[in-house]
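# Results of the structural survey
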Amino acid sequence: CLPANQERFADGKLVTVQFHPSAQVVMTAGHDRSVSLFQVKNFNLHYVDGIRNPKIQSIYLESFPIYKACFSVDGEQVIATGTHHKMFFVYDMMSGSIVPIQRVRGVEERFLRNFEISPDGSFMLLTGTSGYFHLLSMKTKELIGSIKVNGRCAASAFTPDSSKIYSYSKEGEVFVWDVRSRKCLHKFEDEGSLEGKCIAVSKNNQYVACGSSSGVVNLYTTDVCLKESHPKPVKAIMNLVTSATCVTFNPTTEILAVASRETDEAVKLV
């Protein structure tokens, strides 16, 4: 296959590559302050000559190097946060309008960078500082409430039914929250974690994967995570030698991808 973004390579580091949830479109976004959309053409392995992935459009956000961009669940919006900004942008793909969200009332953060969108499309969870995570309504982009972990925030993940949040602290503890009441249901320690980095929940809600600064990714079954405070991993994945900065399951929970952005080609499929 030819590069998906061959019609417009980025001038700076790419931070996001994501397929549209329903259309044959791929999005790229990065430090060159742009979000680009490309049509992904079907390809035939025997005849790859002349196949193009035409650029649909590029959106330029002035003075806004992008930290993360993400499609909404219905695919009608793109949310983009910056590397050093307390505001974020919402691009409406239907109207073509770019709406700046200058500040969220009740959220006092210097920077808004990392966030997750719930699988049902109702919520946006912003990772704050001093242990705070902020739950926003995707419809209004207003604050619903905040939750706080002991220590510093590292990463978070919604369960597939959007009813719970797993939040991972830099101190290696995982807190399980009820989304409706925002009460902590359970807390457990990630075995051997010196510093938490990333977390993922499988689409069938069977597994939780926790990646740490040592490069170890621990795989747990969710039923054990919800009962025990020192659960034993079903597998400790030791293939990375630098910090595990990304873990994600494929949709059928047959493959777990683990990766580190700290060295080249550090992507493993388990």
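Residues numbered from 1 in each chain as written. Predicted model: local features only at pLDDT ≥ 70, side-chain atom pairs only at ≥ 80, totals over all residues. Heavy atoms only, no water.

The chain goes by U3 small nucleolar RNA-associated protein 18 homolog in an unreviewed UniProt entry, where it is assigned to Urocolius indicus. We quote the UniProt Subcellular location (unreviewed entry) comment for the chain here in full: "Nucleus, Nucleolus". In UniProt, the chain has this text filed under Sequence similarities (unreviewed entry): "Belongs to the WD repeat UTP18 family." (UniProt positions renumbered as here; feature names shortened; annotations may be inferred.)

This next bit is on the sheet that holds strand β5 (residues 66–71). Ordered by their spatial adjacency, four strands build an open sheet running β5-β6-β7-β8, and the pairing between neighbours is antiparallel. In the strand order of this sheet, the two ends are held by β5 and β8 (98–101), each with one partner. Strand after strand, the sheet turns through a mean of 20° between neighbouring axes, direction not considered. By the bridge criterion, five bridges tie strand β6 (residues 77–82) to strand β7 (residues 88–92) in an arrangement that is antiparallel. Counterpart to Ala80 in the pairing with β7 is Phe89. (Pairing = 2+ DSSP bridges. Helix = DSSP H or I, 4+ residues; strand = E, 2+ residues; numbered from the N terminus. Axes fitted to C-alpha atoms, helices over the stretch in contact; angles between N-to-C directions.)

Ordered in space as β9-β10-β11-β12, the four strands form an open sheet in which the pairing is antiparallel. Since the sheet does not close on itself, it has two edges, and those belong to β9 (115–117) and β12 (143–148), each with one partner. Across the sheet, the mean angle from the axis of one strand to that of its neighbour is 20°, orientation sign disregarded. Alignment of strand β10 (residues 123–127) against strand β11 (residues 132–137), held across five bridges, turns out to be antiparallel. Residue pairing across strands places Leu126 opposite His134, the latter belonging to β11.

Our next topic: the packing of aromatic side chains. Taken as a whole and judged by the stated rule, the model has three aromatic pairs. Taking the centre distance of 6.3 Å and the plane angle of 25° together, the rings of Phe175 and Trp177 count as stacked. Neither residue differs from the other here; Phe175 and Trp177 are each classed as buried. Over the ring of Phe115 we find Lys68, and its NZ or CZ is 4.9 Å from the ring centre. The lysine or arginine in question, Lys148, covers the ring of Tyr132, its NZ or CZ lying 5.6 Å from the ring centre. (Phe/Tyr/Trp six-rings, centres within 6.5 Å; stacked < 30°, edge-to-face > 60°. Buried < 20%, exposed > 50% of the residue type's maximum accessible area, 1.4 Å probe, protein only. Lys NZ or Arg CZ within 6 Å of the ring centre and 35° of its normal.)

Residues Met27, Val35, Leu61, Ile66, Ala69 and Val78 are the most contacted members of the largest nonpolar core, which totals 16 residues. Here Ala69 is in contact with Thr16, Gln18, Met27, Ala29, Val78, Ile79, Ala80 and Phe115, once residues within four sequence places are set aside. Within the second largest apolar cluster, 14 residues are counted, among which are Ile79, Phe88, Ile117 and Leu136. (Core = buried A, V, L, I, M, F, W, Y, C linked by side-chain atoms within 4.5 Å. Contact = heavy atoms within 4.5 Å.)

With that out of the way, let us pick up the environment of Pro119. Here Pro119 shows up in the loop between β9 and β10. A residue is classified by how much of its surface remains accessible, and Pro119, at 40% relative accessible area, is partly exposed. Expressed as a C-alpha distance, the spacing of Pro119 and Ser162, which sit 43 residues apart in the sequence, is 5.9 Å. If sequence neighbours within four positions are ignored, Pro119 has contacts with Val73, Phe158, Thr159, Pro160 and Ser162.

As for its placement among the helices and strands, His85 is situated in the loop between β6 and β7. A distance of 3.1 Å separates the side chain of His85 from the backbone oxygen of Ser63, its partner in a polar contact. (Polar contact = N/O pair within 3.5 Å; in protein donor to acceptor, adjacent residues only side chain to side chain.)

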